Amino acid sequence: MQTNTEKIFTFIDTYAESAETLYLEAVITACEQWLSGEQSPKIEEGVTKEEIRRGIQLAILKGMQQSAQSHHQMTPDSIGMLIGHIAGKLVEGEPGVTLLDPAAGTGNLLYTVMNTIGKDVKASAVEIDELLVRLSAVTAELLEHPVSFYVQDALRPLLIDPVDLTISDLPVGFYPDDDNASDYRLMPVEGHAYAHHLFIEQSMNHTKPGGHAIFIVPANLFDSEQSANLQPYLKKETFIRAVIQLPDSLFKNASHVKSILILQKPYGEMKATPEVLLAKVPDMKNKQAMALFFQKIDMWVKE
Ligand code: SAM
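Residues numbered from 1 in each chain as written. Predicted model: local features only at pLDDT ≥ 70, side-chain atom pairs only at ≥ 80, totals over all residues. Heavy atoms only, no water.

Within the element layout of this structure, aspartate 129 appears in the loop between strand S2 (121-127) and helix H6 (130-143). Look at aspartate 129 and you get buried, because its relative accessible area is 15%. Expressed as a C-alpha distance, the spacing of aspartate 129 and alanine 104, which sit 25 residues apart in the sequence, is 9.7 Å. Among the polar contacts made by the side chain of aspartate 129, one reaches the main-chain amide nitrogen of leucine 131 at a distance of 3.0 Å. Reaching out from aspartate 129, the side chain makes a polar contact with the backbone nitrogen of leucine 132 at a distance of 3.1 Å. (Helix = DSSP H or I, 4+ residues; strand = E, 2+ residues; numbered from the N terminus. Buried < 20%, exposed > 50% of the residue type's maximum accessible area, 1.4 Å probe, protein only. Polar contact = N/O pair within 3.5 Å; in protein donor to acceptor, adjacent residues only side chain to side chain.)

Here it is in structure tokens:
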């Protein structure tokens, strides 16, 4: 018997394979038909938001392999779940949580986090690629998550109020618009700025004092040509709360290895604590090691 996730994938995939449009366009149409009740997957009652997210995600992944969107890397579930867990703990018990993902892509990471936090959460999602925003918007509707979408360069001014928690799998590389980058503290004196550095600065500008930001960043963030700019900025404007190394095995290429960086925006008289959590995620297939790792994270959040 098929699971709800498989039924959802099969419904979207069957529609998209027989459509004459681009597969990803057809994914959107299939989801719109599901929303309007014209056609829908034969799912069991009590389907969960995670089952819906995963079913749509499988179809988007298939479509991405066939299209120009292949360079937009969807955040893998293994990393999404980890960030979801940490985010859920950081805002536990807080009413009316607001989130921002300034590089939201398909929304997969954002919805994993929203599904973990559960009720009473709303989000703003920024993404430059219009097709990804349409995919992400239709998914948000099916998940019944309140999300405001901004189709724009996230490094241009954002009309978004500061949020409690920013999460993002940052785009990595040079940002070509030097004119715009010159408004940022992290613009280097010579050459182009790193987009991921500017995203960190922009995100902190849109995070409330006392709020947190969780980023997926290159593992060499503190060891790159431009880290000499970044370090004093982070020291002055943020509290570095954690740097969590992700397992190399999650990445095909050693130069693409990532870490999780957790920052907090200073608030009032709040003083920096010297302890920064420096951790390494164990082999994710090792359940016992992962359970211990989550325990460590939970204790760190509590402290
Ligand atoms: N978390 C996303 C998901 O689960 O689908 C994936 C994020 S992907 C690593 C980074 C995203 O940043 C891409 O979708 C890319 O189009 C977007 N991006 C790159 N530069 C941007 C910019 N200047 N403004 C807004 N979005 C941008």
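Having seen it, we continue.
Moving on to the pattern of salt bridges. Tallied over the full model, the rule gives 13 salt bridges. One salt bridge in this structure joins arginine 54 and glutamate 50, with 3.5 Å as the shortest N-O distance. Of this pair, arginine 54 and glutamate 50 both sit in helix H3 (residues 49-65), 4 residues apart, which is roughly one turn of that helix. Under the relative-accessibility criterion, arginine 54 is labelled partly exposed at 29%. (Salt bridge = Lys/Arg side-chain N within 4 Å of Asp/Glu carboxyl O.)

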